Amino acid sequence: MAEKITIKDIPDEEYIYPGTRACSGCALSLAYRHALKALHSDGGEIIVTVPASCCTVLHGMYPVTSVKFPMLNCAFETTAATASGIKAALKAQGKEDIIVVGWAGDGGTADIGIQALSGAAERETDFIYVCYDNEAYQNTGMQRSSQTPFKGFTTTTPIGKMEQKKNVPAIMAAHGIPYVATANPSYPFDLFKKFKKAKEMKGATRYIHIISPCPPGWGFDTKDLIKIGKLATETGIFTLYEIINGDFQLTGVSKLIAEGRKKRLPVKEYIKAQRRFRFLTEKDIELIQKNIDEKYKEYSNKIM
Ligand SMILES: Cc1ncc(C[n+]2csc(CCOP(=O)(O)OP(=O)(O)O)c2C)c(N)n1
Ligand code: SF4
Ligand SMILES: [Mg+2]
């Protein structure tokens, strides 16, 4: 696969019909759209399993659906277990070429689904697991998850969450799986490329963690979706990287920032653009900025 992806590499075919039941300006829809194009390119079939989440809402209610591929709804905590079952059934039928994908929210991954995911990864189950991280239980009314950021407002953290976010990609990397990546739908070429790589690396679990800005949950206008996603990476709060067979590499804008080829923006720009962060004090923002500065110092030291 060419190192540089351009618009010409993105297939025209759509796998999500226009008019889904997701909110307008939803990053999940955008990420799903480009991921499906990458997974389908060069032919091949996929089966996706999705637990209770905004993604099930996107799909619509039986007997109608907004997608063009086989998808199995599963219980909230069972994405990786269901994907493992699908994989085993396909193997029994000799259909080993079909790619199995588990696609879950942050609650379904980092909280209730983590034991099934950890077990599947340890057993080297051959499937792609995706967590789209909208940083709360958005589908049920914006409750806190372990992915809600420090001081983020949710309906169960009315003065802001007091704890830090759990680092799920690092937990998955600690399983020694061959491919871990982060992605951001505001950078579709980087996302597309990562899904193509995950598709090619068969034989064990591959994990992709996608930041997924959510206008009603995060408190911004739908027109600002791309801007908010870009700010997440341009301020350094959400880093783009890959860990291939244990080798950590920054990608895209995060790489340019660490190499000093692009200026990192102050995190205040990301925070001030979202109503969920309205309780943050100047001191809180300073602390978040300090953490990002330290993280980037480490990245730059690695590169030098
Ligand atoms: C065992 C169980 N507990 C609770 C629920 C209710 N429930 C359905 S979706 C959901 C939240 C999902 O959050 P997340 O995984 O982050 O996906 P999002 O809705 O944010 O897309 C909850 C709590 C459930 N379906 N099953
Ligand atoms: S609540 Fe947020 S994540 Fe869920 S469909 Fe709406 S915009 Fe997307
Ligand atoms: Mg969520």
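Above: the structure in question.
For clarity, every value in this text was computed on a predicted model and none was experimentally measured. The numbering scheme is per chain: residues are counted from 1 as the chain's sequence reads. As a convention, the first chain written is A and the first ligand written is 1, with the rest following in written order. Since the coordinates come from a predicted model, pLDDT governs what is reported: local features require at least 70, and pairs of side-chain atoms require 80 or more to be given and counted, while whole-chain, interface and lining totals use all residues. To get the side-chain values, take all heavy atoms of the structure and skip hydrogens and water.

Chemist: I keep staring at the coordination of the magnesium ion (ligand 3) and nothing clicks. Help me out?
Modeler: Ideal values for angles at a metal depend on the geometry: 109.5 degrees with four tetrahedral donors, 90 or 180 degrees with six octahedral donors. Water is absent from the atoms considered, so a metal site may look incomplete; donors are defined as N, O and S atoms within 2.8 Å of the metal, or 3.2 Å for Na, K and Ca. The coordination sphere of the magnesium ion (ligand 3), as far as protein atoms go, consists of Asp106 (OD), Asn134 (OD1) and Ala136 (O), spread over 2.0 to 2.1 Å. As a motif over one chain, the donors of the magnesium ion (ligand 3) read D-x27-N-x1-A. Taken as a pair, Asp106 in helix α4 (residues 106–111) and Asn134 in the loop between β4 (128–133) and α6 (168–173) lie far apart in primary sequence, 28 residues in all. Working definition: with a 1.4 Å probe on protein chains only, accessible area under 20% of the residue-type maximum means buried, over 50% means exposed, and in between means partly exposed. Among the residues examined, Asp106 registers a relative accessible area of 1% and is labelled buried. Helix and strand assignments come from DSSP, with helices taken as H or I runs of at least 4 residues and strands as E runs of at least 2, each series counted from the N terminus.

Chemist: Would you explain unusual backbone geometry in this entry?
Modeler: Of all residues except glycine, most have a negative phi; of all peptide bonds, most are trans. Going from Tyr62 to Pro63, the amide bond is cis rather than trans, its omega being 10°. Mapped onto the fold, Pro63 is located in the loop between α2 (54–59) and β2 (71–74). In this structure, Glu135 is a non-glycine residue whose phi angle is positive, near 65°. The residue Glu135 is located in the loop between β4 and α6 in this model. Under the relative-accessibility criterion, Glu135 is labelled buried at 6%. Residue Met142 is not a glycine yet carries a positive backbone phi of 65°. With respect to the helices and strands, Met142 occurs in the loop between β4 and α6. Judged by its relative accessible area of 17%, Met142 falls in the buried class.

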